[in-house]
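# A closer look at the structure
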Amino acid sequence: MAQPLAERLRPKTLDEYIGQKHLVGSGAVLRKMIDAGRISSFILWGPPGVGKTTLAQIIANKLETPFYTLSAVTSGVKDVRDVIDRAKGNRFFSQASPILFIDEIHRFSKSQQDSLLGAVETGTVTLIGATTENPSFEVIRPLLSRCQLYVLKSLEKDDLLELLQRAITTDVILKERHIILKETDAMLRFSGGDARKLLNILELVVDADSDEEVVITDDKVTERLQENPLAYDKDGEMHYDIISAFIKSIRGSDPDGALYWLARMIEGGEDPKFIARRLLISASEDVGLANPNALLLANAAFEAVMKIGWPEGRIPLAEVTVYLATSPKSNSAYEGIGNALETVRQTGNLPVPLHLRNAPTKLMKDLGYGKDYKYAHAYKGNFVEQQFLPDGVEKCRFWHPQDNLAEAKLKERMKNLWRERYDD
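Going along each chain's sequence as written, the residues are numbered from 1 onward. Note on the predicted model: pLDDT of at least 70 is required for a residue's local features to be given, and 80 or more for side-chain atom pairs to be given and counted; whole-chain, interface and lining totals, by contrast, use all residues. For side-chain calculations, the full set of non-hydrogen atoms in the structure is used, while hydrogens and water are omitted.

## Quick look at the nonpolar core
We define a nonpolar core as any set of buried Ala, Val, Leu, Ile, Met, Phe, Trp, Tyr and Cys residues linked to one another through side-chain atoms lying within 4.5 Å. Each residue gets one of three labels from its accessible area relative to the maximum for its type: buried under 20%, exposed over 50%, partly exposed in between, using a 1.4 Å probe on protein chains only. Residues Ile-179, Met-187, Leu-202, Ile-216 and Val-221 are the most contacted members of the largest nonpolar core, which totals 27 residues. Counting from the N terminus, the helices are the DSSP runs of H or I reaching at least four residues and the strands are the DSSP runs of E reaching at least two. At the level of elements, helix 1 (5–8), helix 9 (157–170), strand 6 (178–181), helix 10 (185–191), helix 11 (195–207), strand 7 (213–216) and helix 12 (218–227) are the ones that each hand at least two residues to this core. Counting residues per element, this core draws most heavily on helix 11, at seven residues. Apart from the residues lying within four places of it in its own chain, the contact partners of Met-187 are Leu-164, Leu-181, Leu-198, Ile-201, Leu-202, Ile-216 and Val-221. Throughout, a residue-residue contact means that at least one pair of heavy atoms, one from each residue, lies within 4.5 Å.

Now the structure itself:
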């Protein structure tokens, strides 16, 4: 039986590798390390089907070093220790460290990750981890601090089109068929930037056509996929589409839509921690200061889900989903930090005004650190007007209150304190 198309087309060298130019293109950080023949441990974070496993295999082939693979789904601490012991036996001074590739490293428990620390620290193995989840949530801090983090992006349209052309012209099976890519929009849309999914769709459509000449159109792709509906895949593109629909329903104040997409995720086996984290983000980004209690409730729901698990965990998730969807909305804090970040990027490291600086030593005091600072609590109403921004941006406004009851009160307070500064 022939291998799947995606496996047959798996690149063997960096020159065959499509996408991720910011990491492996000419002069890019990973390309330089690979060409130099020495790499440090790192974690690849990105959506499915963008080449994480392939990149690890290419690096091992290029460096001509032993390559060990573990799946976080099926491996335990003993498996990790066995691989490390084998790596010690295969280590030669003239050779780069053996590479240990761990797929779905976010699924490793704390004890499993702890068992890697010594080998990574001493260079017994070079760790390459792959994850679709944010490593700062799922990878223990000691291990994360010993690894570089590289973010892989969904493949862009040009990358996907290049991959399709390569498939129909170089694959040993497809090149025997006369395949015409008349329309590609549907394939690109359904693939969601996932190379593996794109090749699976191409193979599915071609195999369903018995004609010698296969003309691929958007209608044909859509019809074929409807006949073979894609199940919810928490590691696939539908994962991202459904969470997007979920968050947009909350943002759009539609509790029914939000509950429907929540149900789709629950029924599909989505990780409850992932849902709870996204609710926390929505509470601060979309509800924000219009209802500050939203963040408290979202955090409480997160804690509850961690304590009670499934299936009861669906109840606090549903509660906070409805609460967020029915709450007034404001993204003023989200916009405010964005405005401040943009100013920082444009103006650089402006000096902290002397009166705001800490003065723990006599020399600092003599230099004027902390001089003329006014302690707010020593003044009526616990407020006194003074400059808190650096010179050059002292009149900038980053936070702009929006039109809701909660922020109207905040705006009125700021106007009473700062007067014309908040006249907008």
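## Some words on helix 6 (residues 110–122)
Bend angle per residue: angle between axes fitted to the 7 residues ending at that residue and the 7 residues starting there. The sharpest bend along helix 6 reaches about 25° and sits at Leu-116. Buried residues along helix 6 sit against helix 5 (77–89), strand 3 (99–103), strand 4 (126–131), helix 7 (135–138) and helix 8 (141–145). The first or second residue beyond helix 6 is Gly-123, which carries a positive phi of 80°.

## Concerning the pairing of strand 2 (residues 67–71)
Burial of strand 2 is one-sided: the residues Tyr-68 and Leu-70 facing one way are buried, the residues Phe-67, Thr-69 and Ser-71 facing the other way are not. Pairing between two strands requires that DSSP report at least two bridges joining them. Both strand 2 and strand 3 contribute to a ladder of five bridges, which runs parallel. When the bridges of strand 3 are listed, Leu-70 appears paired with Ile-102.

## Things to note about the sheet that holds strand 1 (residues 42–45)
On the basis of which strands lie adjacent, the open sheet formed by five strands has the order 2-3-4-1-5 and parallel pairing. The open sheet has two free edges, formed respectively by strand 2 and strand 5 (148–151), since each of these has just one partner strand. On average, each strand axis in the sheet is inclined to that of its neighbour by 20°, with strand direction left out of account. Sheet analysis places strand 3 next to strand 4, joined by five bridges and oriented parallel. Across the sheet, the residue bridging to Asp-103 is Ala-130, located in strand 4. Across the face of the sheet, helix 5 comes into contact with strand 2 and strand 3 while running at roughly 180° to strand 2. To obtain an axis, a line is fitted to C-alpha atoms, over the contacting stretch when the element is a helix, and the angle between two such axes runs from 0 to 180 degrees between their N-to-C directions.

## Digging into a nonpolar patch on the surface
Here the term patch refers to residues with relative accessible area over 30% and no salt bridge, with like charges joined within 9 Å and nonpolar side chains (Val, Leu, Ile, Met, Phe, Trp, Tyr) within 5 Å. In this description, accessible areas are obtained by the Shrake-Rupley approach with a 1.4 Å probe, and a residue is regarded as covered only by the protein chains that are shown. A pair is scored as a salt bridge if a Lys or Arg side-chain nitrogen falls within 4 Å of a carboxyl oxygen belonging to Asp or Glu. On the surface, Tyr-373, Tyr-375 and Phe-388 cluster together to form a nonpolar patch covering roughly 350 Å² of accessible area. Structurally, the position occupied by Tyr-373 is in the loop between helix 19 (362–366) and helix 20 (405–418).

## A closer look at the packing of helix 15 (residues 272–287) against helix 17 (residues 314–326)
Direction vectors running N to C along helix 15 and helix 17 enclose 20°, while the axes themselves pass 11 Å from each other. Classified by the angle their axes make, helix 15 and helix 17 are roughly parallel. The two elements helix 15 and helix 17 cross, and the hand of that crossing is left-handed. Taken together, the residues of helix 17 that come into contact with helix 15 (itself represented by Ile-275, Ala-276, Leu-279, Ser-282, Ala-283 and Val-287) are Leu-317, Val-320, Thr-321 and Leu-324. The cut-offs work like this: below 35 degrees is roughly parallel, past 145 is roughly antiparallel, 65 to 115 is roughly perpendicular, and the gaps in between are oblique. Crossing chirality is assigned from the near helix's rotation relative to the far helix, an anticlockwise turn below a right angle marking it left-handed and a clockwise turn marking it right-handed.

## Description of the environment of Asp-114
Among the secondary structure elements, Asp-114 is positioned in helix 6. You can call Asp-114 partly exposed: its relative accessible area is 31%.

## Things to note about the confidence of the model for the protein chain
Scored between 0 and 100, pLDDT is the confidence that the predictor attaches to each residue. Averaged over every residue, the pLDDT of the protein chain is 83; residues scoring 70 or more account for 94%. Under a pLDDT of 50 for its full length, residues 228–234 has, in the predicted model, 17 contacts with residues more than four places off or in other chains.

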